[in-house]
Every structure is written in structure tokens, then in C-alpha cells.
There are 2 protein chains.
Amino acid sequence: MDKKHEKFFIKLLGEDNAYFDEAHKIAYCYDATRKRYAPDGVVFPRDESDVSEILKYCNEHKITIIPRGAGSGFTGGALASSGGIIMALEKHMNKILEIDLENMVAVVQPGVINKDLQKAVEKLGLFYPPDPASETYSTLGGNVSENSGGMRAAKYGITKDYVMALRAVLPNGDVIRAGKRTIKDVAGFNIAGILIASEGALAVITEITLKLISKPKFSKTAMGVFPSVESAMNAVFKTMAAGVTPVAMEFLDNLSIKAVEERFHRGLPTSAGAILVSEMDGNDESVINADLERLKEHFIANGASEFRVAKDANESSDIWFARRNCSQAINCYGSLKINEDITVPRSKLPALLEKIAKISAKYNVITPCFGHTGDGNVHTNVMVDKNDPEAVKRGYEAITEIFKATVELGGTLSGEHGIGISKAPFMSLAFSEAEMNLFRAIKKAFDPNNILNPNKMGL
Amino acid sequence: MDKKHEKFFIKLLGEDNAYFDEAHKIAYCYDATRKRYAPDGVVFPRDESDVSEILKYCNEHKITIIPRGAGSGFTGGALASSGGIIMALEKHMNKILEIDLENMVAVVQPGVINKDLQKAVEKLGLFYPPDPASETYSTLGGNVSENSGGMRAAKYGITKDYVMALRAVLPNGDVIRAGKRTIKDVAGFNIAGILIASEGALAVITEITLKLISKPKFSKTAMGVFPSVESAMNAVFKTMAAGVTPVAMEFLDNLSIKAVEERFHRGLPTSAGAILVSEMDGNDESVINADLERLKEHFIANGASEFRVAKDANESSDIWFARRNCSQAINCYGSLKINEDITVPRSKLPALLEKIAKISAKYNVITPCFGHTGDGNVHTNVMVDKNDPEAVKRGYEAITEIFKATVELGGTLSGEHGIGISKAPFMSLAFSEAEMNLFRAIKKAFDPNNILNPNKMGL
């Protein structure tokens, strides 16, 4: 980094908000991929005007800049993989600006942590449903940029279903507004729509207006034990096709169950083919109970050997324990976890899990699966020994074949983690050259000098 | 139109699907704006491949082309206002391709009429909620292109909330797919997001995958009579802020009530300031009844002098009669209706209606208002005598001032009708030069030769 540029940023932001030392380069070199790329510097804008000045300068001098929230992404979206400066939004731009009770809307800065917003609105009887597993540390700016999902998606949808409006700064420094604090708004192109899930490559989001809903008064948790993955997957899609809409319909396969049990000794059924964990919510307990009855009928009809409803919060927490801890527990199967979040139409879940099992056998890898089956989103983890290059190679071959199978079943490379750098090599499996060219044309329309988070998403 | 071009289209599509005669030019010159622009020809593609060949040819020869569904738009989106060929999709591309019960998804061609899909899925116990007033004749391709709303938006959202995936043809003839038959999909930019509401200016949509939900088993209609518009608007936003979520929360002002009564003699309260018509639905009658009780409480607390729940379908239909017929009935106030569909955050409804009343008085125009207040969407109709140029001028001055007031209240120029040519002159009231430039850059990324529905939306 040219000293002239360093001086500009220090002058603009103050010495406390622009760093070019080794410590900061190390502190901002990582994300949840565990890949490391040291940036050329780290800047902390204090407000939208700072963001605008930074981008304008970077655009003029063709300096690469990467917006970053909590750095909790799974695909490298916030990594300086092509060098450049990290623009970290979590230090200053982390305020909840407004909770508008009358219109049931929250206005936040991008650095607000998801769970902090959830807590703030729940105190007021309102509810912000999107709950990525990273909710206690990931930021809403990151959630919007990746269009984060979560466990409640089957009933409540994902981040895009709650974004009403955005303020953002274009790479040339222009501030734009997109969307309104209204349910209906069809004036102009849907800029908010294209900024959601754009992985920080089109503009820097500086303010987010989110729809809130009423907080459901009651919720109940249930669990079903199934003899096979297939029977569980059939239960998932047949239950939901019958019009039962649980908040969550989460799944653990046998490998995941065994891993949790080995580590935590909670009395889980280690010989079960799969467990489904389901939650119902609403404002009327009798309706929830009736839904649980229907859930039970469908589970039993599709082969469940056991069905249990938690009697209280403790029992509910017990049931959720296995699901919440399996991502960590499955590390027992290998020192390298190649984890993906493929998603298929729900009816294709049985076929997908069957293919994953076959591919794992073919490449001799262990692939525990768990996840959000209520929306077809399966976290697929190919576990190998990171010190065994041959095993690592087999692991990547297996995941490539799993991606192919997913696309053939009408599914997507990513349900909620995005593409970033991790999945970029697989984009050609899912998109035609015409589609990739369109992505590139859109990138160019927003960012003609290619300064903003470049070379991500296979562009 | 050069004869050479005419010959190309006739050869490609057959004599029955490419017309350059006066009769067809007249038949396809109009839409619901009542403006008329004769096109240079009309072509009827039989399938996606035809759409691609037509666009490729038009792109090479820089021929303007305008995609068209039913021509029911209120803002001229399907008019050949800059000349060119109409590509009419309702003749051949009008099939429901699939209703996937397992994943609760429908796949349709763009020319399918909204209500036909609603009926087809309701037979199977499923539900497609978006219900624009034009539902019995408008096409789903048009609904997606305009991001149509409707009466049920307050509870169920609008078209964009149901579009899972699209196939479309770019102006260069390339076929692209966007989105998946999955709730979660974050691979690549959100192309489906930007095509929704793009008014046929970015690509021609050839296939639409729509989310369906379970059909609610019960619904009940209620009506409240209010002394003033202000009391009714307060009732709307306070009821909804309390977490009551009716399917519909429709409003008629005094002028609308009087117009319906004068024409149809149904015993409406002609001295009332406003009527609210509300509908609740769900799978449990006791929950609906409890919600109606809460609705009643809020209505009475906010000044309703009367509250009535329909006892059966006949009474419900009676209550809805006034709302369904007011658009037609208010024609008694003038031969020219300058109708707009401004939308504000719900809490701003009282202020908006107050401003509309003041502006109408200032310009000496009659402005009956009705609409979807549950989502802040007010159909505002400035009624003047079309043969009185001075009155017409005052009408347009009034509507311009109403737009300004709407934007000042955080609202949008259009909740569901789009911009097209009718609202294009007002875009600068709502968007900055930077925002307009971004719209233009996006248009150029999709359509570098500007052949597809050009010069709309103020671009």
C-alpha cells in the first residue's frame, strides 16, 4: 500500500480508524473458512459519509476494498483474497437506529448483531425471525449480503423476506436508497432485491430497514426417531406437503447422532437412522397441539418408531441439544471438515441423501449430514484427515460429485452460505456461460473499476 | 417497418403469428391507461425458442420490441409508446405446466391468467394469494413484471413473495434461469429479484415458478363504520400494530361510499366518514372469532360507530359489494379519472389522507380515495371533466402535489401499478440522479442496444 494512500485514510478517519500495521492485518485476515489472506490495511468508517469518501477515493485510485461484518462467513466473502483494504463496519456502524412499533419496522446499521436485534424487538412483543446459526455474532449487514437463512426458514422465510429498504454506497461514492418502509413499492428497478445476497460486491450497505412481525405467544418442541434417513426424509416432505408448517424441521443422520452421543452422553438413540426435531409456534395453544397431533400422525405413518413432545422448556432444550451441538461434535470424524449447504426441493431429499451415501462410499469418506430439512437445506460435511493429502483429494472429489447430484435434482450450490471463494470453482456446474456473463455485466454496471470485493463468486 | 423484417417474422412464426395489418395494430394499441399507440406489428411467439429468435433478430437489427400480457396495466408498460413490435405472450404461452403438490410449487408460462392459477391450485387444497383487482384477466407474466399486489397483501404479501424461480430470455436471445424450486438459494446474484417489477425492460419472462401455500379453511368478513377518515386510518394502523393480521383491510372514503350508494342503492351509510372492510382467515374458526373480537375492540376504541360481522357468504358478499364496485361508481364525479396508487407506511395514513383533502380543496378537484389500507396503499382518484382543459390542468397539478406529499411521508409513487409512461415524469420527485443513473446502468447491462420496452420508467 502506497504511503500516500495510508495518509489519506488516516487523515480522513483519524489514527484510531485506519490501520496498516501487522497486528491489524493478522486480526482481519480470517473468516469461518479458516482460510487466511492478510489485507493491505483495515479502515473503520464512522458513518455513511466516511463510507462514501473511502469508496470515492478507492474508485479514483483503483484500490481494492472489501466490506466486512463479523467475518463469520463460511465461503470467504469477507476475505482479502485479492489483497486490498478491509472496511470493517462492526466497530462504529452498529446501532439500532429505530424500532417503529406503529409500522412494525426496525432500522439498523449494518454492524448490528442479529441476536441483539432479536432481543431488542422481542422485549417489545415483536419478532425478527431470520436466525442463522451464527446469530449471536454475525451482523445484519452480513446477513443481508449473504441472504442468510436459519432454522425458522421453513415457516418464516429468510433474510430477503424481511428487508424492506436499504441505504447503500456505490463504488463511485454515490449514496443510494432502495425500497421503502411499505409492503408495496414498485417504483424503479428492485435495487434492494439485487443487493441482497450480492456478497458485498455491488455496494456497501449502510442502513437496513427490516420488517418485524408479532411475536408468537407459544412454542412447543417435538422429536421423532426414524429407522432410516429415507423414512425421515419422506416424513419431512410429506408432512409439509400436507400443510403442516412447523417453524423448524431439523434433521440429524446416524453419524451426527452417534457423534453427539459419544461426546455428550445424553442417551440419544445411536442405532436410529435419523432424528427429526420439530418446533411449532403460534398464538393459540390448542392450535399448536392440534398441529402436533398431525405431525405425529405423519411421522408414524412414515415409519417413526418414537415420537415425543417436550413437556416444558427444559425438555425442549434437551431435545434441541443434539441438533445445536452436532456441528461441533462431528469433528470427531476428521480434522478437515469440507462443509457445504446444498439445498434441493423438499421432495428430492430422499434421493439426495441416498446419492450422498453412495458418493461417500465410492470415495471412502465419512459424510455426516444434518440441517434444515424443512426447507430442503442439508449441511453436508465431508470429514477427512487434513494431513492425508490423498484423503483430502478424495474429499474434494466427493464434494464435487455431491454438487453435481444436487444440481441434477434441481437444487442449488448454496442455500445460505453464499459462493465467495470456496464455491467459486463450482459455479460452472450450476450456471451457463450466458448466466455468468449476465452476472459480470451486473457487477460492471455497479462497479466498473472492479474495486469492491473483486474476484468472488467466480466472476 | 421494413418489409424484410416483416418477412423474417412471418417465416419464423407462420402467417398466423406475425401481423403487420391495421386491424392488429389497433387491437394491440391500448392498455388500461386508455392511451393509444399503434405498434409497427404484433408477433405471437409459440414458445421460449421463438422468443429467443425474435429477440436475437430485433437485437441485431435494433428493432424495438414490447412484451405484453393482457394489456391490463395502469401505467402504459405494455404500450408501444416509442413504436416497435408488440410481443404478445397470451396467445400461445398460456399453459400451467406443473402443479407440484409435494413441494407446493406451480410452474406456469407467462400468459396464464392469475385467477386460472388460483382456481387450479384451490381445487387441490392449495392457495396462490396475490390477487390484483385485475385477477380475472391479467396474466402472471404481467403480474411478475409489475410486482402486482392486491387485497390480500397485508397478510400474505405480494407477487415477489411467491416467485421462486424464473426462466427468461435476454435481449441478445440468451436464455437464462434464475432461482430454484427451493426456499433457500443464494448462489449468484439475485436475478429473479431484479426481473420482478422490471416492467418488461430487462428480459422477457418465459416461465415462472411460484410458491403455493395451504388453503386456509375458513374466512370471515367484518365491516366498521367510522365518523371520519382520520378515525378509520387510526383504526387501521393501530389494529395492525397490535398484531392483528387480517387478510384484507380495505377502505372507502365518504365520496366513494356516496358514489356506490347513488348508483346501486344498497343502504350504505352515506353520512359516514369512512368504511373499513376487513377479512380474517385461517384453519381454526375459534382463532378467527377471537381475532374478530380484537378487531372489534380496536375499531370501537378508535371511533367506529358500527361494527358488523357477516353471518354467511351472502352477507360477506354484501359487505364486499361496496368495495368491489367503487372504482367504477366514482366515475360519476368526472369523465377523466387521474388514478394513482400511492403507498405510505401505515402510520402515515392519517397524515396522507389529510394532505389529500387539503390539496383537493386547494385545486378545487374531487378526489375519492379507497384501497388497501392494510398495507398503506391508497387508490387516489382525481376526477375532472376531460373536456375542460383548465380542470384537467388543475387535476394534474393536484396529483403532482399529492406525489410530493407521499414521498415526504416516506411513501412511494407506486404501490402496485408501476411507473411505465404515466408516472415517468414524477420519477425525479422520488429518485436522485445517482439512483436514476444506477437504473440506467442496469438497463444497459441487460439491454445494451435498448431494444426492449425502451423509454419507460423515466430511463
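Rules behind the numbers
- Here the residue numbers are simple positions, counted from 1 along each chain's written sequence.
- All chains are assigned letters beginning with A, and all ligands numbers beginning with 1, in the order in which they are written.
- Confidence filtering applies because this is a predicted model: local features only for residues at pLDDT of at least 70, side-chain atom pairs given and counted only at 80 or more, and all residues used for totals across whole chains, interfaces and linings.
- Here the side-chain values reflect all heavy atoms present in the structure, with hydrogen atoms and water set aside.
- Numbering goes from the N terminus for both helices and strands, where a helix is a DSSP run of H or I of at least four residues and a strand is a run of E of at least two.
- For the radius of gyration, the atom set is restricted to C-alpha positions; the globular benchmark scales as 2.2 Å times the number of residues to the power 0.38.
- Pairs of residues are marked as contacts when any of their non-hydrogen atoms sit within 4.5 Å.
- Shrake-Rupley sampling with a 1.4 Å probe provides the accessible areas, and residues are treated as covered by the protein chains on show and by no other component.
- The convention is simple: Lys and Arg are positive, Asp and Glu are negative, and His and the chain ends are not counted.
- Charge positions are represented by NZ for Lys, CZ for Arg, CG for Asp and CD for Glu.
- A pair of sulfur atoms, both from cysteines and within 2.5 Å, is called a disulfide here.
- Simply put, the buried area is the total loss of 1.4 Å probe accessible area from both parts when two parts are fitted together.
- Salt bridges, as used here, are contacts in which a Lys or Arg side-chain nitrogen is within 4 Å of a carboxyl oxygen on Asp or Glu.
- Per-residue accessibility, obtained with a 1.4 Å probe over protein chains only, is compared with the maximum for each type, and a residue is labelled buried under 20%, exposed over 50%, and partly exposed between these values.
- Strand pairing is defined by DSSP finding a minimum of two bridges between the two strands.
- UniProt positions are given in the numbering used here, feature names are shortened, and annotations may be inferred rather than shown by experiment.
- Least squares is the method for superposing the copies, and the C-alpha atoms it fits come from residues with pLDDT of at least 70 in both.
- Between rings of Phe, Tyr and Trp, where Trp is taken as its six-membered ring, a pair exists when centres lie within 6.5 Å; planes separated by under 30 degrees are stacked, by over 60 edge-to-face, and by other angles tilted.
- N or O atoms closer than or at 3.5 Å make up a polar contact, with two conditions inside protein: a donor-capable atom paired with an acceptor-capable one, and, for residues adjacent in sequence, both atoms drawn from side chains.
- Angles here are taken between N-to-C directions and fall from 0 to 180 degrees, while the axes themselves are lines fitted to C-alpha atoms, restricted in helices to the stretch in contact.

Structural notes on the overall build of chain A
Okay, so step 1: In terms of regular secondary structure, chain A is built from 15 helices and 18 strands.
Okay, so step 2: Relative to a compact globule of 459 residues, whose C-alpha radius of gyration would be 23 Å, chain A shows 23 Å and is just as compact.
Okay, so step 3: By its C-alpha atoms, chain A is 70 × 60 × 40 Å across when sized along the principal axes.
Okay, so step 4: Counting only contacts in chain A whose residues sit at least 6 apart along the sequence, the fraction spanning at least 24 positions is 71%.
Okay, so step 5: Carbon and sulfur atoms form 49% of the exposed surface of chain A, whose accessible area is close to 16,800 Å².
Okay, so step 6: Averaging the locations of the 54 positively and 57 negatively charged side chains of chain A gives two centres separated by 1 Å.

Here's the deal with the state of the cysteines
Residues and elements named next belong to chain B.
Okay, so step 1: The final tally for this structure, using the stated rule, is zero disulfides over all chains.
Okay, so step 2: The thiol of Cys 332 is not disulfide-bonded; the next cysteine sulfur, from Cys 326, is found 11 Å away.
Okay, so step 3: Of all cysteine sulfurs, the one in Cys 326 lies closest to Cys 369, which takes part in no disulfide; the gap is 10 Å.

A look at the interface of chain B and chain A
Okay, so step 1: At the junction of the two partners, chain B supplies 77 residues and chain A supplies 77 residues.
Okay, so step 2: When chain B packs against chain A, the two sides together hide about 6,100 Å² of surface, and 63% of this comes from carbon and sulfur.
Okay, so step 3: The largest share of the area that chain B buries against chain A comes from B:Lys184, B:Val186 and B:Phe189, three residues that together contribute 16% of it.
Okay, so step 4: Counting across the interface, chain B meets chain A through six salt bridges.

Here we look at the pairing of strand β6 (residues 105-108) of chain A
Residue and element names in this part refer to chain A.
Okay, so step 1: The alternating pattern of β6 places Val 105 and Val 107 on one face and Ala 106 and Val 108 on the opposite face, and all of these are buried.
Okay, so step 2: Note: strand β5 (residues 96-100) against β6, four bridges, orientation antiparallel. Along β6, the bridge assignment pairs Glu 98 with Val 107.
Okay, so step 3: The antiparallel pairing of β5 with β6 creates a hairpin that spans four residues between the two strands, and Met 104 there sits at a positive phi of about 55 degrees.
Okay, so step 4: Note that β6 and strand β10 (residues 204-211) share four bridges and pair antiparallel. Pairing of Val 107 across the sheet is with Thr 209, part of β10.

Considerations on the UniProt feature "domain: FAD-binding PCMH-type" (unreviewed entry) in chain A
Okay, so step 1: Feature annotation in UniProt assigns "domain: FAD-binding PCMH-type" (unreviewed entry) to the following positions: residues 35-215 of chain A.
Okay, so step 2: Along residues 35-215 of chain A, the helical share is 22% and the strand share 24%, with 39 Å between the first and last C-alpha atoms.

Details of the relation of the copies chain B and chain A
Okay, so step 1: Here chain B sits on chain A after a turn of 180 degrees about the axis and a move of 0.0 Å along it, with an RMSD of 0.0 Å. Classification of the inter-copy transformation places it as that of a two-fold axis. It is B:Gly193 whose C-alpha, among those of chain B, lies nearest the rotation axis, at 2.4 Å.
Okay, so step 2: When the interface residues of chain B are mapped onto chain A, 100% of them are again interface residues, pointing to one common binding face.

With respect to the packing of aromatic side chains
Okay, so step 1: Using the criterion set out here, one finds 28 aromatic pairs over all chains in the structure.
Okay, so step 2: With centroids separated by 5.2 Å and ring planes inclined at 70 degrees, the aromatic side chains of A:Phe226 and A:Phe299 adopt a geometry described as edge-to-face. Here A:Phe299 lies in helix α10 (residues 285-301) and A:Phe226 lies in strand β12 (residues 218-226), a separation of 73 residues in the sequence.
Okay, so step 3: Aromatic pair B:Phe8 and B:Phe9: ring centres 5.4 Å apart, planes at 75 degrees, arrangement edge-to-face.
Okay, so step 4: Owing to a relative accessible area of 25%, B:Phe8 belongs among the partly exposed residues under this scheme.
Okay, so step 5: Overall, the relative accessible area of 0% leaves B:Phe9 in the buried class.

Focus on the sheet that holds strand β3 (residues 65-68) of chain A
All names here are of chain A.
Okay, so step 1: An order of β1-β2-β4-β3 is seen for the four strands of this open sheet, with the pairing classed as mixed. Whereas interior strands pair on both sides, the edge strands pair on one side only; in this sheet they are β1 (18-19) and β3.
Okay, so step 2: The sheet contact formed by β3 and strand β4 (residues 85-88) spans four bridges and is parallel. Considered in β4, the bridge of Pro 67 is made with Met 87.

Thoughts on the side chain of B:Glu340
Residue and element names in this part refer to chain B.
Okay, so step 1: Among the structural elements, Glu 340 can be located in strand β16 (residues 336-340).
Okay, so step 2: Separated by 3.3 Å, the side chains of Glu 340 and Lys 423 make a polar contact.
Okay, so step 3: In this view, Glu 340 contacts Val 378, His 379, Thr 380, Ile 399, Phe 403 and Lys 423; residues no more than four positions away in its chain are not counted.

A word on the side chain of B:Asn59
Residue and element names in this part refer to chain B.
Okay, so step 1: Relative to the elements of secondary structure, Asn 59 occurs in helix α3 (residues 48-61).
Okay, so step 2: A distance of 3.1 Å separates the side chain of Asn 59 from the side chain of Asn 449, its partner in a polar contact.
Okay, so step 3: Beyond its immediate sequence surroundings of up to four residues, Asn 59 is in contact with Pro 171, Asn 172, Asn 449 and Ile 451.

Things to note about the sheet that holds strand β14 (residues 274-282) of chain A
Whenever strands of a sheet pair, they do so through backbone hydrogen bonds, lying parallel or antiparallel.
Residues and elements named next belong to chain A.
Okay, so step 1: With respect to topology, seven strands assemble into an open sheet ordered β15-β12-β14-β13-β17-β18-β16, the strand pairing being antiparallel. The open sheet has two edge strands with one neighbour each: β15 (306-309) and β16 (336-340). Within this sheet the neighbouring strands show an average axis-to-axis angle of 15 degrees, counted without direction.
Okay, so step 2: Sheet contacts for helix α9 (residues 254-264): β13 (248-253), β14 and β17 (369-372); angle to β13, the most-contacted strand, approximately 80 degrees.
Okay, so step 3: Taken strand by strand, helix α11 (residues 313-329) contacts β12, β13, β14, β15, β16, β17 and β18 (377-384), and its axis lies near 60 degrees from that of β13.

A short note on the environment of B:Asn103
Okay, so step 1: Position of B:Asn103 relative to the elements: it lies in the loop between β5 (96-100) and β6 (105-108).
Okay, so step 2: Given a relative accessible area of 7%, B:Asn103 falls into the buried group.
Okay, so step 3: Each C-alpha atom of the pair B:Asn103 and B:Arg181 lies 8.0 Å from the other, and the pair is 78 residues apart in sequence.
Okay, so step 4: Apart from residues no more than four positions distant in its own chain, B:Asn103 is found in contact with A:Pro345, A:Arg346 and A:Ser347.
Okay, so step 5: A distance of 2.8 Å separates the side chain of B:Asn103 from the side chain of B:Asp100, its partner in a polar contact.

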